[in-house]
Amino acid sequence: KIPSIALSSKIEDGQGENIHEQELSHTEHITQSLHNNFTIEEIDNPHLTLPSDINAGQIEKYFQIDNTLLALVLRGSMNVQITVPIDFTVTFAGVLVAQQGDSQWTKLIEIENTEVTTRNNPYYLVVDNQKLLLTIVDQNGAGSSEGIMKVFALSETSHWKLESCYYYGGSSDSFPDDDQFSFSARFSSFTPEPIGSCDNVELVFLTQ
C-alpha cells in the first residue's frame, strides 16, 4: 500500500522535539496533487469493494489523480440507463473516493435533488487551472439526453462551489464515441444559463 502523505507538526515535550504526523484527508490529497500540477485521467474499474448500498451497474466512470481514485455513481433517469438487479433499490448517487492501495471505496459526496423529478447525475471530472471540476446533469431538458448542467469546483475548504450553469443538449448519436458523459466536459459546446437555473441540486460531503 502506498504510504499516506503526512503533515508534520512539532511540539516540545521537555525531553526534546517530537514529531506528530497527521494523515491527509482525501480532499487534502486531491488539492495537494492539483497544486503539484497533477492532472486527472479516466481509468478502468479498479475493482475495489463497494459500499453495500451501491451496485457496480451504477458506475460508468472511474478516474485517478496522482494516488487518489474516484468513481461516479449514477441513478437511473430519462437520460441515464443503468443496469442493476431487479431487487436492488438505488438510494445513492454521488462520488466515491479511495487512495491507491485501498481495498474499498468510501463515499465522498452525495448528490441530493431539491426536487425528486430532477434526478441529477454526476457525469464527468476534469481538471482546469489546478481546479477539480465535476459536471452534473439533470433530466430537465427537451429530450434526446438534454438537461441542465451544473459545473462544481472542489475548493480547499472541502466544499464544492457552483462555478457555472449550461443547457446540456445533443442527441446520443452526436456524442464523441457515443459518450454523453465525457461530452459534458466540453463547456464551450453548450449554452450558458443563469446560475439561478442550477438551484435544483445540493452536494453533501460525507467524508473529507
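This text follows the structure it describes.
Now for a quick tour of the structure. (Residues numbered from 1 in each chain as written. Predicted model: local features only at pLDDT ≥ 70, side-chain atom pairs only at ≥ 80, totals over all residues. Heavy atoms only, no water.)

So, about helix 1 (residues 26-35). Each α-helix winds once per 3.6 residues, and so residues spaced three or four apart point in a common direction. Burial analysis of helix 1 places seven of its ten residues in the buried class, which makes it a mostly covered element. What helix 1 keeps buried is the set His-26, Thr-27, His-29, Ile-30, Thr-31, Ser-33 and Leu-34. Immediately downstream of helix 1, the backbone of Asn-37 shows phi near 70°, a positive value. (Buried < 20%, exposed > 50% of the residue type's maximum accessible area, 1.4 Å probe, protein only. Helix = DSSP H or I, 4+ residues; strand = E, 2+ residues; numbered from the N terminus.)

Our next topic: the pattern of salt bridges. Summed over the entire model, instances satisfying the criterion amount to five salt bridges. Of the charged contacts, one joins Glu-163 and Lys-131 as a salt bridge, the two residues approaching to 2.9 Å between their closest N and O atoms. One end of the pair, Glu-163, is in strand 11 (residues 160-168); the other, Lys-131, is in strand 9 (residues 131-137), with 32 residues separating them in the sequence. Lys-131 sits in the partly exposed class, given a relative accessible area of 29%. When the shortest N-O distance is used, the salt bridge between Lys-150 and Asp-138 registers 3.1 Å. Residue Lys-150 is located in strand 10 (residues 147-154), and its partner Asp-138 is located in the loop between strand 9 and strand 10; the two are separated by twelve residues in the primary sequence. No difference in accessibility class separates Lys-150 from Asp-138, as the two residues are buried. One network of salt bridges, with partners in common, ties together Glu-42, Lys-61 and Asp-179. (Salt bridge = Lys/Arg side-chain N within 4 Å of Asp/Glu carboxyl O.)

Okay, the environment of Met-78 next. Examined against the element boundaries, Met-78 turns out to sit in the loop between strand 5 (68-73) and strand 6 (94-99). Residues Met-78 and Gly-141, 63 residues apart in the sequence, show an inter-C-alpha distance of 9.7 Å.

This paragraph deals with the pairing of strand 5. Here strand 5 lies mainly inside the structure; six of its six residues are buried. Judged by which residues are buried, strand 5 turns out to be covered on both faces: Thr-68, Leu-70 and Leu-72 on one side and Leu-69, Ala-71 and Val-73 on the other are all buried. Once strand 4 (residues 59-65) ends, the chain turns through two residues before running back antiparallel as strand 5, passing Asp-66 with a positive phi of about 55°. Here strand 5 runs beside strand 6; their pairing, made up of six bridges, is antiparallel. Looking at the pairing, Val-73 lines up with Gly-94 of strand 6. (Pairing = 2+ DSSP bridges.)

The next thing to look at is the sheet that holds strand 13 (residues 201-205). Judged by pairing direction, the sheet is antiparallel, and its six strands sit side by side in the order 3-4-5-6-7-13 without closing on themselves. The open sheet terminates on both sides in strands that have one partner only, identified here as strand 3 (41-43) and strand 13. Neighbour-to-neighbour, the strand axes of this sheet turn through a mean angle of 25°, independent of strand direction. As defined by bridge partners, strand 4 adjoins strand 5 across six bridges and the pair is classed as antiparallel. Residue pairing across strands places Lys-61 opposite Leu-72, the latter belonging to strand 5. (Axes fitted to C-alpha atoms, helices over the stretch in contact; angles between N-to-C directions.)

It is worth spelling out the sheet that holds strand 11 at this point. Here we have five strands laid out as an open sheet, ordered 8-9-10-11-12, and antiparallel in their pairing. Strand pairing shows two members of the sheet lacking a second neighbour, strand 8 (121-128) and strand 12 (191-192), which therefore form its edges. Relative to strand 9, strand 8 runs antiparallel, the two sharing seven bridges. The partner of Tyr-124 across the bridge, within strand 9, is Thr-135. Lying on the sheet, helix 1 is in contact with strand 8, strand 9 and strand 10; it crosses strand 9 at an angle near 120°. (Contact = heavy atoms within 4.5 Å.)

For the structure on display, the rule yields one disulfide. Put simply, Cys-165 and Cys-198 are joined by a disulfide, and their sulfur atoms are 2.0 Å apart. Looking down the S-S bond of the Cys-165 and Cys-198 bridge, the torsion is 95°, so its handedness is right-handed. With Cys-165 in strand 11 and Cys-198 in the loop between strand 12 and strand 13, the pair connects residues that are 33 residues apart, well separated along the chain. When its relative accessible area of 2% is taken as the criterion, Cys-165 is described as buried. For Cys-198, a relative accessible area of 3% corresponds to the buried category. (Disulfide = S-S within 2.5 Å.)

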